[in-house]
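# Survey of secondary and tertiary structure
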Amino acid sequence: MAKLGKATVEITGNLKPLRNALKSARKSVIRSAKRMGRSGFRAMSNAVKRANSSIKRFVKIVGVVLVAAIGFAITSAAAFEKQLAMVNTMLDDASRASGFLPKFAKELRRMSKEYGESTKTLSKGLFDILSAGIGAGDALQFLATAATAAVAGMTDTATSVDLLTTIMNSYGLEATDVNMISDKLFATVKKGKTTFPELAGSLGRVAATASVAGMSLDELLA
(Lines give C-alpha, C1' and ligand atoms only; values in the text may rest on other atoms or scores of the structure.)
Protein backbone atom coordinates (compact mmCIF):
# COMPACT_ATOMS: atom_id res chain seq x y z
CA MET A 1 0.00 0.00 0.00
CA ALA A 2 1.22 3.49 -0.77
CA LYS A 3 2.43 5.63 2.07
CA LEU A 4 -0.66 7.30 3.50
CA GLY A 5 0.76 10.13 5.51
CA LYS A 6 3.70 11.54 7.35
CA ALA A 7 3.77 12.71 10.96
CA THR A 8 6.77 14.66 12.19
CA VAL A 9 7.26 15.49 15.86
CA GLU A 10 10.04 17.89 16.83
CA ILE A 11 10.45 18.94 20.47
CA THR A 12 13.59 20.86 21.41
CA GLY A 13 14.68 21.31 25.00
CA ASN A 14 18.24 22.72 25.10
CA LEU A 15 18.90 23.44 28.76
CA LYS A 16 22.68 23.92 28.42
CA PRO A 17 22.52 27.76 28.28
CA LEU A 18 20.35 27.74 31.41
CA ARG A 19 22.82 25.53 33.29
CA ASN A 20 25.77 27.69 32.23
CA ALA A 21 24.00 30.86 33.34
CA LEU A 22 23.15 29.32 36.72
CA LYS A 23 26.72 28.12 37.17
CA SER A 24 28.07 31.61 36.44
CA ALA A 25 25.53 33.19 38.79
CA ARG A 26 26.46 30.73 41.52
CA LYS A 27 30.14 31.66 41.28
CA SER A 28 29.26 35.35 41.43
CA VAL A 29 27.09 34.86 44.51
CA ILE A 30 29.80 32.83 46.26
CA ARG A 31 32.39 35.57 45.61
CA SER A 32 30.04 38.13 47.09
CA ALA A 33 29.33 35.96 50.09
CA LYS A 34 33.07 35.57 50.81
CA ARG A 35 33.34 39.33 51.12
CA MET A 36 30.55 39.22 53.70
CA GLY A 37 32.41 36.81 55.96
CA ARG A 38 32.15 33.14 56.86
CA SER A 39 28.58 33.23 58.21
CA GLY A 40 27.40 35.12 55.18
CA PHE A 41 29.17 32.66 52.91
CA ARG A 42 27.45 29.68 54.55
CA ALA A 43 24.04 31.34 54.29
CA MET A 44 24.51 32.23 50.65
CA SER A 45 25.99 28.82 49.84
CA ASN A 46 23.02 27.04 51.40
CA ALA A 47 20.63 29.25 49.47
CA VAL A 48 22.40 28.44 46.21
CA LYS A 49 22.30 24.71 46.98
CA ARG A 50 18.56 24.89 47.59
CA ALA A 51 18.12 26.78 44.35
CA ASN A 52 20.17 24.18 42.48
CA SER A 53 18.05 21.42 43.97
CA SER A 54 14.88 23.15 42.81
CA ILE A 55 16.32 23.59 39.32
CA LYS A 56 17.18 19.89 39.13
CA ARG A 57 13.62 18.93 40.12
CA PHE A 58 12.28 21.33 37.51
CA VAL A 59 14.49 19.82 34.81
CA LYS A 60 13.26 16.32 35.72
CA ILE A 61 9.64 17.46 35.50
CA VAL A 62 10.27 19.06 32.11
CA GLY A 63 11.83 15.82 30.92
CA VAL A 64 8.77 13.80 31.98
CA VAL A 65 6.44 16.26 30.23
CA LEU A 66 8.51 16.12 27.03
CA VAL A 67 8.46 12.32 27.02
CA ALA A 68 4.69 12.29 27.58
CA ALA A 69 4.16 14.83 24.79
CA ILE A 70 6.26 12.79 22.36
CA GLY A 71 4.39 9.60 23.27
CA PHE A 72 1.00 11.24 22.80
CA ALA A 73 2.01 12.74 19.45
CA ILE A 74 3.27 9.40 18.16
CA THR A 75 0.12 7.58 19.33
CA SER A 76 -2.15 10.20 17.74
CA ALA A 77 -0.22 10.06 14.48
CA ALA A 78 -0.46 6.27 14.37
CA ALA A 79 -4.21 6.37 15.07
CA PHE A 80 -4.78 8.92 12.30
CA GLU A 81 -2.72 6.78 9.92
CA LYS A 82 -5.09 3.86 10.58
CA GLN A 83 -8.11 6.11 9.99
CA LEU A 84 -6.70 7.19 6.63
CA ALA A 85 -5.99 3.57 5.74
CA MET A 86 -9.66 2.77 6.34
CA VAL A 87 -10.73 5.65 4.06
CA ASN A 88 -8.19 4.59 1.45
CA THR A 89 -9.92 1.24 1.02
CA MET A 90 -12.94 3.11 -0.37
CA LEU A 91 -10.99 4.93 -3.07
CA ASP A 92 -10.52 3.60 -6.57
CA ASP A 93 -7.22 3.79 -8.42
CA ALA A 94 -8.20 6.95 -10.25
CA SER A 95 -9.07 8.76 -7.01
CA ARG A 96 -5.79 7.70 -5.43
CA ALA A 97 -3.87 8.84 -8.49
CA SER A 98 -5.68 12.20 -8.32
CA GLY A 99 -4.32 12.78 -4.82
CA PHE A 100 -7.60 12.66 -2.92
CA LEU A 101 -6.16 10.95 0.16
CA PRO A 102 -3.72 13.75 1.11
CA LYS A 103 -6.55 16.24 0.56
CA PHE A 104 -8.82 14.18 2.81
CA ALA A 105 -6.12 14.07 5.50
CA LYS A 106 -5.73 17.86 5.44
CA GLU A 107 -9.48 18.50 5.55
CA LEU A 108 -10.12 15.97 8.32
CA ARG A 109 -7.62 17.78 10.54
CA ARG A 110 -9.15 21.16 9.70
CA MET A 111 -12.73 19.99 10.25
CA SER A 112 -11.75 18.37 13.54
CA LYS A 113 -10.76 21.81 14.82
CA GLU A 114 -13.70 23.61 13.23
CA TYR A 115 -16.43 21.26 14.47
CA GLY A 116 -14.78 20.06 17.67
CA GLU A 117 -14.97 16.39 16.70
CA SER A 118 -12.26 13.77 16.65
CA THR A 119 -10.64 12.74 13.38
CA LYS A 120 -11.79 9.21 14.25
CA THR A 121 -15.47 10.22 14.12
CA LEU A 122 -15.00 12.32 10.99
CA SER A 123 -13.02 9.56 9.27
CA LYS A 124 -15.81 7.09 10.04
CA GLY A 125 -18.28 9.52 8.50
CA LEU A 126 -16.11 9.94 5.40
CA PHE A 127 -15.76 6.16 5.10
CA ASP A 128 -19.55 5.74 5.22
CA ILE A 129 -20.04 8.52 2.66
CA LEU A 130 -17.69 6.83 0.19
CA SER A 131 -19.16 3.39 0.87
CA ALA A 132 -22.64 4.80 0.14
CA GLY A 133 -21.51 5.37 -3.43
CA ILE A 134 -20.76 9.08 -3.21
CA GLY A 135 -17.80 10.06 -5.34
CA ALA A 136 -14.55 11.30 -3.85
CA GLY A 137 -15.09 14.70 -5.46
CA ASP A 138 -18.37 15.23 -3.55
CA ALA A 139 -17.40 13.48 -0.32
CA LEU A 140 -15.90 16.42 1.58
CA GLN A 141 -18.85 18.73 0.87
CA PHE A 142 -21.21 15.98 1.98
CA LEU A 143 -19.14 15.49 5.14
CA ALA A 144 -19.18 19.23 5.90
CA THR A 145 -22.98 19.32 5.56
CA ALA A 146 -23.28 16.27 7.81
CA ALA A 147 -21.01 17.87 10.43
CA THR A 148 -23.08 21.05 10.40
CA ALA A 149 -26.28 19.01 10.71
CA ALA A 150 -24.74 17.08 13.59
CA VAL A 151 -24.19 20.30 15.54
CA ALA A 152 -27.80 21.38 14.94
CA GLY A 153 -29.15 17.90 15.69
CA MET A 154 -27.05 17.43 18.84
CA THR A 155 -25.28 14.33 17.65
CA ASP A 156 -21.95 13.33 16.08
CA THR A 157 -21.02 13.44 12.43
CA ALA A 158 -20.97 9.66 12.03
CA THR A 159 -24.64 9.45 13.11
CA SER A 160 -25.56 12.38 10.88
CA VAL A 161 -23.84 10.76 7.88
CA ASP A 162 -25.66 7.48 8.54
CA LEU A 163 -29.03 9.23 8.54
CA LEU A 164 -28.33 11.37 5.46
CA THR A 165 -26.98 8.49 3.37
CA THR A 166 -29.90 6.26 4.40
CA ILE A 167 -32.41 8.80 3.12
CA MET A 168 -30.38 9.51 -0.01
CA ASN A 169 -30.06 5.86 -1.01
CA SER A 170 -33.61 4.92 -0.03
CA TYR A 171 -35.11 7.64 -2.23
CA GLY A 172 -32.56 7.48 -5.03
CA LEU A 173 -31.33 11.02 -4.42
CA GLU A 174 -27.96 12.48 -5.35
CA ALA A 175 -25.08 13.79 -3.22
CA THR A 176 -26.04 17.30 -4.38
CA ASP A 177 -29.39 16.85 -2.59
CA VAL A 178 -27.70 16.60 0.81
CA ASN A 179 -28.56 20.16 1.86
CA MET A 180 -32.22 19.63 1.06
CA ILE A 181 -32.27 16.37 3.01
CA SER A 182 -30.49 18.00 5.94
CA ASP A 183 -32.99 20.89 6.03
CA LYS A 184 -35.95 18.51 6.06
CA LEU A 185 -34.43 16.39 8.81
CA PHE A 186 -33.61 19.42 10.93
CA ALA A 187 -37.19 20.70 10.52
CA THR A 188 -38.41 17.27 11.67
CA VAL A 189 -36.16 17.39 14.74
CA LYS A 190 -37.27 20.93 15.55
CA LYS A 191 -41.01 20.33 15.21
CA GLY A 192 -41.22 16.67 16.13
CA LYS A 193 -39.59 16.74 19.58
CA THR A 194 -37.03 14.20 18.51
CA THR A 195 -33.28 14.01 17.86
CA PHE A 196 -31.01 12.94 15.03
CA PRO A 197 -29.98 9.72 16.82
CA GLU A 198 -33.65 8.80 17.33
CA LEU A 199 -34.43 9.53 13.67
CA ALA A 200 -31.41 7.52 12.54
CA GLY A 201 -32.68 4.50 14.48
CA SER A 202 -36.28 4.69 13.25
CA LEU A 203 -35.80 5.87 9.66
CA GLY A 204 -33.07 3.34 9.08
CA ARG A 205 -35.68 0.60 9.53
CA VAL A 206 -38.49 2.05 7.42
CA ALA A 207 -37.06 4.49 4.82
CA ALA A 208 -36.42 1.91 2.09
CA THR A 209 -39.83 0.27 2.60
CA ALA A 210 -41.60 3.63 2.61
CA SER A 211 -39.92 4.62 -0.64
CA VAL A 212 -40.89 1.34 -2.35
CA ALA A 213 -44.47 1.80 -1.09
CA GLY A 214 -44.61 5.17 -2.81
CA MET A 215 -44.52 7.33 0.32
CA SER A 216 -42.71 10.62 -0.24
CA LEU A 217 -39.93 11.81 2.03
CA ASP A 218 -42.12 14.62 3.35
CA GLU A 219 -44.89 12.16 4.19
CA LEU A 220 -42.43 9.84 5.89
CA LEU A 221 -40.95 12.60 8.02
CA ALA A 222 -44.42 13.90 8.86
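Residues numbered from 1 in each chain as written. Predicted model: local features only at pLDDT ≥ 70, side-chain atom pairs only at ≥ 80, totals over all residues. Heavy atoms only, no water.

Further remarks concern the overall build of the chain. Check the secondary structure of the chain and you find 10 helices and 0 strands. Ordered by position in the sequence, the α and β elements of the chain form the string α-α-α-α-α-α-α-α-α-α. Counting all 222 residues of the chain, 33% fall into the buried class. Considering only contacts in the chain between residues 6 or more positions apart, those separated by 24 or more positions represent 61%. Surface exposure of the chain reaches about 13600 Å², of which carbon and sulfur atoms provide 58%. (Helix = DSSP H or I, 4+ residues; strand = E, 2+ residues; numbered from the N terminus. Buried < 20%, exposed > 50% of the residue type's maximum accessible area, 1.4 Å probe, protein only. Contact = heavy atoms within 4.5 Å. Areas by Shrake-Rupley, 256 points an atom, 1.4 Å probe, with all protein chains shown as cover.)

This part covers helix α7 (residues 157-170). A rise of 1.5 Å per residue sets the reference length of α7, with its 14 residues, at 20 Å; its end C-alpha atoms lie 20 Å apart and thus fit the reference within 8%. Counting buried positions over the 14 residues of α7 gives 11, a clear majority of the element. Within α7, burial applies to Thr 157, Ala 158, Ser 160, Val 161, Leu 163, Leu 164, Thr 165, Thr 166, Ile 167, Met 168 and Ser 170. Elements in contact with the buried residues of α7: α5 (119-131), α6 (136-152), α8 (178-192), α9 (196-212) and α10 (217-221). A side-chain oxygen of the first residue of α7 lies 3.1 Å from the backbone nitrogen of Ala 158; this N-cap is Asp 156. Positive backbone phi, at 60°, marks Gly 172, one or two positions downstream of α7. (Expected span 1.5 Å × (residues − 1). Polar contact = N/O pair within 3.5 Å; in protein donor to acceptor, adjacent residues only side chain to side chain.)

Here we come to the packing of α5 against α7. Contact pair α5 / α7: the axes reach a minimum separation of 8 Å and the direction vectors enclose 15°. With respect to α7, the element α5 is oriented roughly parallel. In the crossing of α5 with α7, the sense of the turn from one axis to the other is right-handed. Two secondary-structure elements touch here, α5 through Thr 121, Leu 122, Lys 124, Gly 125, Asp 128 and Ile 129 and α7 through Thr 157, Ala 158, Val 161 and Thr 165. Residues of the contact of α5 with α7, tallied by class, amount to 4 nonpolar, 4 polar and 2 charged. (Axes fitted to C-alpha atoms, helices over the stretch in contact; angles between N-to-C directions. Parallel < 35°, antiparallel > 145°, perpendicular 65-115°, else oblique. Left-handed = near helix turned anticlockwise from the far one by under 90°. Nonpolar A, V, L, I, M, F, W, Y, C, P; charged D, E, K, R; others polar.)

In the contact formed by α6 and α8, the axes pass within 10 Å of each other and the chain directions differ by 10°. Our classification of the angle between α6 and α8 gives roughly parallel. Facing Phe 142, Thr 145, Ala 149 and Ala 152 of α6, the residues of α8 in contact are Val 178, Asn 179, Ser 182 and Phe 186. Counted by class, the contact of α6 with α8 contains 5 nonpolar, 3 polar and no charged residues.

Under the counting rule described, the total for this entry stands at 1 aromatic pair. With 5.9 Å between their ring centres and 40° between their planes, Phe 100 and Phe 104 make a pair best called tilted. Highlighted residues: Phe 100 and Phe 104, both in helix α4 (residues 100-115), separated by 4 residues, approximately one helical turn. Phe 104 sits in the buried class, given a relative accessible area of 0%. (Phe/Tyr/Trp six-rings, centres within 6.5 Å; stacked < 30°, edge-to-face > 60°.)

With 43 residues, the main nonpolar core has Phe 104, Leu 126, Leu 130, Phe 142, Leu 185 and Leu 203 as its most contacted residues. Elements with a contribution of two residues or more to this core: α2 (38-88), α4, α5, α6, α7, α8, α9 and α10. At 9 residues, the largest contribution of residues to this core is made by α6. (Core = buried A, V, L, I, M, F, W, Y, C linked by side-chain atoms within 4.5 Å.)

With that settled, the discussion passes to α8. Between its first and last C-alpha atoms α8 spans 20 Å; for 15 residues at 1.5 Å apiece the expected length is 21 Å, and the two agree. When α8 is considered as a whole, its buried residues turn out to be Val 178, Ile 181, Ser 182, Leu 185, Thr 188 and Val 189. For α8, the angular spread of the buried residues around the axis is 125°, confining them to a single face. Turned more than 90 degrees away from the buried face of α8, the exposed residues are Asp 183, Lys 190 and Lys 191. Residues of α8 that are buried sit in contact with α6, α7, α9 and α10. Of the residues trailing α8, Lys 193 is marked for its positive phi of about 55°. (Arc of directions from axis to C-beta.)

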